[in-house]
Each structure stands twice: as structure tokens, then as C-alpha cells.
Amino acid sequence: MADKLVLLDTWPSPFGMRVRIALKEKGLHYDYKEENLREKSPLLLKMNPIHKKIPVLIHNEKPISESLTIVQYIDEFWKDKSSLLPNDPYERASERFWADYVDKKVFEIGRKLWMTKGEEHEKAKNDFIECLKVLEGELGDKTYYGGDKMGFLDVAFVPYYSWFYSYETCGKFSMEEICPKLMEWAKKCMEKDSVSESLPESQKIYQFVLKLKQRYGIVD
């Protein structure tokens, strides 16, 4: 019997983008269900009753939650297709560490770039730039974080490329000037259909951010 896959997601989510990329990398077909996070569907509440968050991958009616867990599940279940995590235990642990760093730093600090003002905003900007430089240093001279091919950390981080324009516009800095190698890496990833077809346009994300700023009463 063919595997039935359903993805509960919302289009601007970098976490959902990870799962979309991983599914495409494996050549898997799935049903996409767009969630309204202000009015969560009964299916989402049923499939993720603990956190009530997207993304959720439903595989043959069994739910898997948390984006990095889902990507690892996809990689392990369909291990014969385009492996994302390396075989070496140390290298696997290292990629998971850096993916966790992306979640704790890029997402959390990046959010402050459009959610804050004044001194708090300036601190967020400096922290964000430092974070990007750390990640650029980890990339080094490699084509991808996974080496010669896109791997787990690439899948975890590259969705934020669609948010870079919003970050640099709200933060008033240039990604190209600060982290040229990082931008080169992101553009290389975008040459892959699995990435370019999973990420929304940067301007669409920026318009989404502007609506959020308006909703929360954040005026520059």
C-alpha cells in the first residue's frame, strides 16, 4: 500500500519550509493543508494536541511534530533516497547541534528585528549579525553545510533565505556586505528545485511582516 502523507502547514513558516524541502528531496508526494493559526483546525488540534503548532506531518494517519524531528524522520524512513544526515555519529550530532542553534538564534533574534524598537532593536541587530557570522564561519569553504551536497543543516537553515530581505530591511543592514559567503551558499541552494519550489518570494514574506507589525501596533 502506498504511503499517505499529509502536511499541516502555513506558507510563511520557515519550519514548514524545511519539511517541504525534505519531502521534495526524497521525491515524495503529499497533500498540503494550509492552516490558519488564528483559528486552528480540528485536525491540527487532534494531531498535535500538546503544542497545537505546525508543521505536522501525518504519515499513514500517524502524526509527527516539530520540524527538525520531522525532517529526521523523513530521512530515516526513506533512507534509500537522497540521504540528508551523514552516517558518522559525530557528524550527525554536529549537524543536529547547528540546526538547534539556527532555531534558538536565527528565529528568535530575527523576530526581534521587526518586533522591537530603540535600544532593544539595536541589540537584536548586533546579535543577529554576530549569529550570521558564526554560521558563515561554520560553512567555511564548503559548497553546502553537508559538504558537496545539501544536507540536514542546509535544509534546516535555508528556509530563512526567504526572510533575509525582511531581516535586512527591518534591521537596516546588507546581508551581501556582512555575509557574502552565506548569501552565495543560499543562492546555490536556490538552484535546487526542492528549495526554490518550497520557499515563497521574499517580497511576499516582507508584506506578511508588515501586516504583523501593523497587527501588533509596531510603528518605526
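Everything numeric here is computed off the predicted structure, so don't read it as measured data.

A. Seen up close, the pairing of strand β2 (residues 31-34). Summarising the sheet, strand β1 (residues 5-9) and β2 pair through four bridges and their orientation is parallel. What sits directly across from Asp-9, in β2, is Glu-34. Regarding the hand of the β-α-β motif, the stretch spanning β1, helix α1 (residues 14-25) and β2 is right-handed.

B. Fine view of the packing of aromatic side chains. Under the defined criterion, the tally for this structure stands at 18 aromatic pairs. Summarising the aromatic geometry, the rings of Tyr-73 and Trp-78 are spaced 6.5 Å apart at their centres and angled 85° between planes, so their arrangement reads as edge-to-face. Here the aromatic rings of Trp-163 and Phe-208 are separated by 6.3 Å at their centres, their planes lie at 90°, and the arrangement is edge-to-face. Of this pair, Trp-163 sits in helix α7 (residues 161-171) while Phe-208 sits in helix α11 (residues 202-215); the two residues are 45 residues apart in sequence, bridging distant segments of the chain. A relative accessible area of 8% places Trp-163 in the buried class.

C. Examining the pattern of salt bridges more closely. In the structure shown here, the tally under the stated rule is eleven salt bridges. The salt bridge involving Arg-18 is made with Asp-103; its shortest N-O contact spans 2.5 Å. With a gap of 85 residues between them, Arg-18 in helix α1 and Asp-103 in helix α4 (residues 89-115) connect regions that are remote in the sequence. The partner of Glu-197 in a salt bridge is Lys-24, and the shortest N-O contact between them spans 3.5 Å. One end of the pair, Glu-197, is in the loop between α10 (193-196) and α11; the other, Lys-24, is in helix α1, with 173 residues separating them in the sequence. For Glu-197, a relative accessible area of 53% translates into the label exposed. On the basis of relative accessibility, which here comes to 32%, the residue Lys-24 falls in the partly exposed class.

D. Spotlight on α7. Of all the eleven residues making up α7, nine are buried; the element is thus mostly covered by neighbouring parts of the structure. For α7, the full list of buried residues reads Tyr-161, Ser-162, Trp-163, Phe-164, Ser-166, Tyr-167, Glu-168, Cys-170 and Gly-171. Once α7 ends, the next one or two residues include Lys-172, with phi positive near 60°.

The rules behind each value
Residues numbered from 1 in each chain as written. Predicted model: local features only at pLDDT ≥ 70, side-chain atom pairs only at ≥ 80, totals over all residues. Heavy atoms only, no water. Pairing = 2+ DSSP bridges. Helix = DSSP H or I, 4+ residues; strand = E, 2+ residues; numbered from the N terminus. Right-handed = clockwise from strand over helix to strand, strands pointing away. Phe/Tyr/Trp six-rings, centres within 6.5 Å; stacked < 30°, edge-to-face > 60°. Buried < 20%, exposed > 50% of the residue type's maximum accessible area, 1.4 Å probe, protein only. Salt bridge = Lys/Arg side-chain N within 4 Å of Asp/Glu carboxyl O.

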